[in-house]
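Report on the structure
Now for the letters of each chain:
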Amino acid sequence: MWEDEKMILITGGRAQGKRAFWEKNIASGEGEPSEISGLWIRGGQTSFDECLDSPYVCEFHLFIRRLLLGEPSLNAPDWVYGTMEKRNGCRLPDREALTERLFKACPGRVLVTDEIGLGIVPLDPFEREYREETGRICCLMARGLRPGTEAEITMNRKRNVKK
């Protein structure tokens, strides 16, 4: 897929064109949408294994939400949860094991996620936990969990795109 197999994490506000930004400005390299537009899987709708193996994942924050809820349709393996207890209605994942597996399964993956940690702090304990866990997992993904694994943070800000 990529010569250097560098993971790309694109984060930004909801409905701000993060995926289109990738397709138009980076993937095709020519300012035209690329042929990958039909290859994205949605974290809010896919199984755990599909998300693990796909090189293009959008709605990664919803994948994490489904993990925290322990949603049966996700079919998450037991190792994901480790020995962590439930807290505030969440099945807390083993963050390090999850990010390590995501890196190993597809090192050149492109992850697109919404920034959900801004704004008013939710009253609901689950919603607070969801924001916190999503932020922590995305931070691990961004910095690269293992030595030798690089991650790149690409912000979706048009003013930073050079023409």
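Along each chain, numbering runs from 1 in the same order as the chain's sequence is written. In view of the model being predicted, local features appear only for residues whose pLDDT reaches at least 70, and side-chain atom pairs are presented and counted only at 80 or more, with totals across whole chains, interfaces and linings using the full set of residues. With hydrogens and water stripped out, all remaining heavy atoms of the structure feed into the side-chain values.

**Regarding the overall build of the protein chain**
To qualify as a helix, a DSSP run of H or I must reach at least 4 residues; to qualify as a strand, a run of E must reach at least 2; elements of each kind are numbered from the N terminus. A count of helical and extended segments in the protein chain gives 5 helices and 7 strands. The secondary structure elements of the protein chain, listed N-terminal to C-terminal, are β-α-β-α-β-α-β-β-α-β-α-β. Buried residues in the protein chain amount to 40% of all 163 residues. Residues count as neighbours in contact if any of their non-hydrogen atoms are within 4.5 Å of one another. For the protein chain, contacts bridging at least 24 residues in sequence account for 64% of all contacts bridging at least 6. Note that accessible areas follow from Shrake-Rupley with a 1.4 Å probe, and for residues the cover is restricted to the protein chains shown. For the protein chain, the accessible surface area stands at approximately 9300 Å², while carbon and sulfur atoms represent 48% of it. Exposure is judged per residue with a 1.4 Å probe applied to protein chains only, and the accessible area is read against the type maximum: over 50% gives exposed, under 20% gives buried, and values in between give partly exposed.

**Quick notes on the pairing of strand S6 (residues 110-114)**
Along any regular strand, the residues point their side chains to alternate faces of the sheet. Where burial is concerned, most of S6 is hidden: 5 out of the 5 residues are buried. Side chains Val-110, Val-112 and Asp-114 project from S6 onto one buried face, and the interleaved Leu-111 and Thr-113 project onto a second face that is buried too. We call two strands paired when DSSP finds no fewer than two bridges between them. Inspection of the sheet shows strand S3 (residues 56-58) paired to S6 by 2 bridges, in the parallel sense. Following the sheet pairing, Tyr-56 is matched in S6 by Val-110.

**Considerations on the confidence of the model for the protein chain**
Overall, the prediction assigns the protein chain a mean pLDDT of 77, with 76% of residues at 70 or greater. Strand S7 (residues 151-155) is the least confidently modelled element of the protein chain, averaging 40 in pLDDT, while helix H3 (residues 60-69) averages 93, the highest of any element. pLDDT gives the predictor's per-residue confidence on a scale running from 0 to 100. Here residues 145-163 is modelled with pLDDT under 50, and outside its nearest four sequence neighbours on either side it reaches 41 contacts, counting other chains as well.

**A few points about the nonpolar core**
Across soluble globular proteins, you tend to see nonpolar side chains buried next to one another. Put simply, buried Ala, Val, Leu, Ile, Met, Phe, Trp, Tyr and Cys residues joined by side-chain atoms within 4.5 Å make one nonpolar core. Within the largest apolar cluster, 28 residues are counted, with the highest numbers of intra-cluster contacts made by Phe-48, Phe-60, Phe-63, Leu-67, Leu-68, Leu-111 and Met-141. Breaking this core down by element, the ones donating at least two residues are strand S1 (7-12), helix H2 (48-53), H3, helix H4 (95-105) and helix H5 (125-143). Looking at this core element by element, the count peaks at 6 residues for H5. Listed in part, the 8 residues of the second largest apolar core include Ile-8, Ile-10, Val-110 and Val-112.

**Focus: the environment of Leu-111**
Note that Leu-111 resides in strand S6. Under the relative-accessibility criterion, Leu-111 is labelled buried at 0%. Separated by 103 residues in the primary sequence, Leu-111 and Ile-8 place their C-alpha atoms 6.2 Å from one another. Contact partners of Leu-111, with chain neighbours within four places excluded, come to Met-7, Ile-8, Leu-9, Ile-10, Val-57, Phe-60 and Met-141.

**Structural notes on the packing of aromatic side chains**
Each pair of aromatic rings taken from Phe, Tyr and Trp, with Trp reduced to its six-membered ring, is defined by centres within 6.5 Å and is described as stacked if the planes are under 30 degrees apart, edge-to-face if over 60, and tilted in the remaining cases. For the structure shown, the criterion picks out 5 aromatic pairs. Cation over ring: Arg-65 sits above Tyr-130, and NZ or CZ is 4.6 Å from the ring centre. Note on criteria: charge over ring means Lys NZ or Arg CZ within 6 Å of the ring centre, with the direction from the centre no more than 35 degrees off the ring normal. Between Arg-101 and the ring centre of Trp-79, over which it is positioned, the NZ or CZ distance is 4.0 Å.

**Some words on the side chain of Thr-113**
Structurally, Thr-113 can be placed in strand S6. Not counting residues up to four positions away in its chain, the partners in contact with Thr-113 are Leu-9, Ile-10, Thr-11, Gly-12, Lys-18, Phe-60, His-61 and Cys-138.

**A look at the pattern of salt bridges**
In the sections that follow, a salt bridge refers to a side-chain nitrogen of Lys or Arg positioned within 4 Å of a carboxyl oxygen of Asp or Glu. As enumerated under the stated definition, the model contains 6 salt bridges in all. Measuring nitrogen to oxygen at the nearest pair gives 2.6 Å for the salt bridge that ties Arg-65 to Glu-127. Residue Arg-65 is located in helix H3, and its partner Glu-127 is located in helix H5; the two are separated by 62 residues in the primary sequence. According to the relative accessible area criterion, Arg-65 is partly exposed, its value standing at 23%. The partly exposed category is assigned to Glu-127, whose relative accessible area is 22%. The salt bridge partner of Glu-133 is Arg-95, with a shortest N-O separation of 2.9 Å. With a gap of 38 residues between them, Glu-133 in helix H5 and Arg-95 in helix H4 connect regions that are remote in the sequence.

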